[in-house]
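Summary of structural features
Residue-level listing of the chains:
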Amino acid sequence: MTKNILVVHSSLNGWRSVSSALARSFVDQLAAQGAVRVKHRDLAVDMLPHLDAAAMAAWQVDSEQRDAEQQILTDRSDRLIAELEWADLLVVTAPMYNFAAPSTLKAWVDQVVRARRTFRYVDGRAVGAMQSLQSVVITTRGGFHRDTPHDNVVPWLSTVLPFIGIEPAATIYAEGLATEKAGDSTQQAESELADLATQMMNGGFEYVAA
Ligand SMILES: Cc1cc2nc3c(=O)[nH]c(=O)nc-3n(C[C@H](O)[C@H](O)[C@H](O)COP(=O)(O)O)c2cc1C
């Protein structure tokens with residue numbers, strides 16, 4: 001069965017972006033092994049505004065009572081959530097900017113993590129709505145930060161994506177891109193993504209991280 005893949009790009013480096021190139025090569029590997037439909041959302045091109053008070057308020061108004069402005073603000077979030085609902089696999093690229101994820105990625109997360117829409121509290125516990133969606137995170141850095149207290153990218157994504165029900169399948173790192181290790185590191189990431197693509201396609205996307 002054809003699988004739907006949503007790729008979220010967040011690098012400011014356009015066609016020179018390492019994280020975007022890794023994501024594209026991963027998707028190409030998946031496409032070479034089975035039927036896939038791919039949608040790319042480039043947050044550096046279609047930039048989202050910061051979540052503000054007006055949007056937050058609009059989301060809380062019942063649909064039949066929203067004014068035109070509130071409807072526009074709600075439609076933006078609904079469209080982004082609909083892309084997640086369409087997808088079987090979410091590929092998130094996350095370069096490290098100032099020890100955190102790009103602010104464009106935070107703006108996207110703030111639009112799709114929405115109370116009573118993508119999560120709700122049941123018996124005091126948060127339950128995410130995106131239960132049939134898996135994610136692969138591809139993170140790139142100039143230096144080396146994996147498993148250190150200054151990595152605020154992976155711990156954040158590993159918390160917020162499952163919060164709305166998205167199951168993390170894998171996190172792929174390309175570190176040291178500003179150092180002489182750049183080539184090795186990128187090659188290693190490419191090879192990990194190629195293996196992951198094969199495992200995912202062989203398992204009909206029922207891949208579960210070891
Ligand atoms: C504004 C900015 C801030 C950055 N901050 C960091 C940082 O805090 N730590 C780090 O290791 N690399 C940092 N870098 C380097 C990027 O992480 C690296 O160039 C990027 O991950 C490469 O991915 P890309 O080609 O997909 O953009 C920064 C780069 C930019 C443009």
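Before going into details, it helps to say that this report is about the structure given with it.

Cut-offs used in this document
Residues numbered from 1 in each chain as written. Predicted model: local features only at pLDDT ≥ 70, side-chain atom pairs only at ≥ 80, totals over all residues. Heavy atoms only, no water. Helix = DSSP H or I, 4+ residues; strand = E, 2+ residues; numbered from the N terminus. Expected span 1.5 Å × (residues − 1). Buried < 20%, exposed > 50% of the residue type's maximum accessible area, 1.4 Å probe, protein only. Contact = heavy atoms within 4.5 Å. Polar contact = N/O pair within 3.5 Å; in protein donor to acceptor, adjacent residues only side chain to side chain. Pairing = 2+ DSSP bridges. Axes fitted to C-alpha atoms, helices over the stretch in contact; angles between N-to-C directions. Core = buried A, V, L, I, M, F, W, Y, C linked by side-chain atoms within 4.5 Å.

**Details of helix α3 (residues 68–86)**
Counted at 1.5 Å a residue, the expected span for α3 with its 19 residues is 27 Å, and the 26 Å between its end C-alpha atoms agrees. Within α3 the residues assigned to the buried category are Gln70, Leu73, Thr74, Ser77, Leu80, Ile81, Glu83 and Leu84. In this structure, the buried residues of α3 make contact with β1 (3–9), β2 (36–42), α2 (53–60), β3 (89–95) and α4 (103–112). One side-chain oxygen of the residue at the start of α3 lies 3.2 Å from the amide nitrogen of glutamate 69, identifying that residue as aspartate 67.

**Some details on the sheet that holds β1**
For sheets, the rule is that strands pair by backbone hydrogen bonds, running either parallel or antiparallel. The strand order β2-β1-β3-β6-β7 describes an open sheet built from five strands, whose pairing is parallel. Every other strand in the sheet has two partners, leaving β2 and β7 (167–174) as the edge strands with one partner each. Within this sheet the neighbouring strands show an average axis-to-axis angle of 15°, counted without direction. In terms of strand pairing, strand β6 (residues 134–140) meets β7 through seven bridges, oriented parallel. The partner of threonine 140 across the bridge, within β7, is alanine 174. Along the sheet face, helix α1 (residues 18–33) touches β1, β2, β3, β6 and β7 and points at about 160° away from the line of β3.

**What about the nonpolar core?**
Membership of the largest hydrophobic core comes to 28 residues, with the highest contact counts inside it found for Leu84, Leu90, Leu105, Trp108, Leu157, Leu161 and Ile166. The set of elements that each furnish at least two residues to this core consists of β1, α3, β3, α4 and α5 (154–163). Residue contributions to this core peak at five residues, all from α4. Excluding residues within four positions of it along the chain, leucine 157 makes contact with Val92, Ala94, Leu105, Val137 and Pro162. If you look at the next biggest cluster of nonpolar residues, it comprises 22 residues, including Phe26, Val91, Leu196 and Met201.

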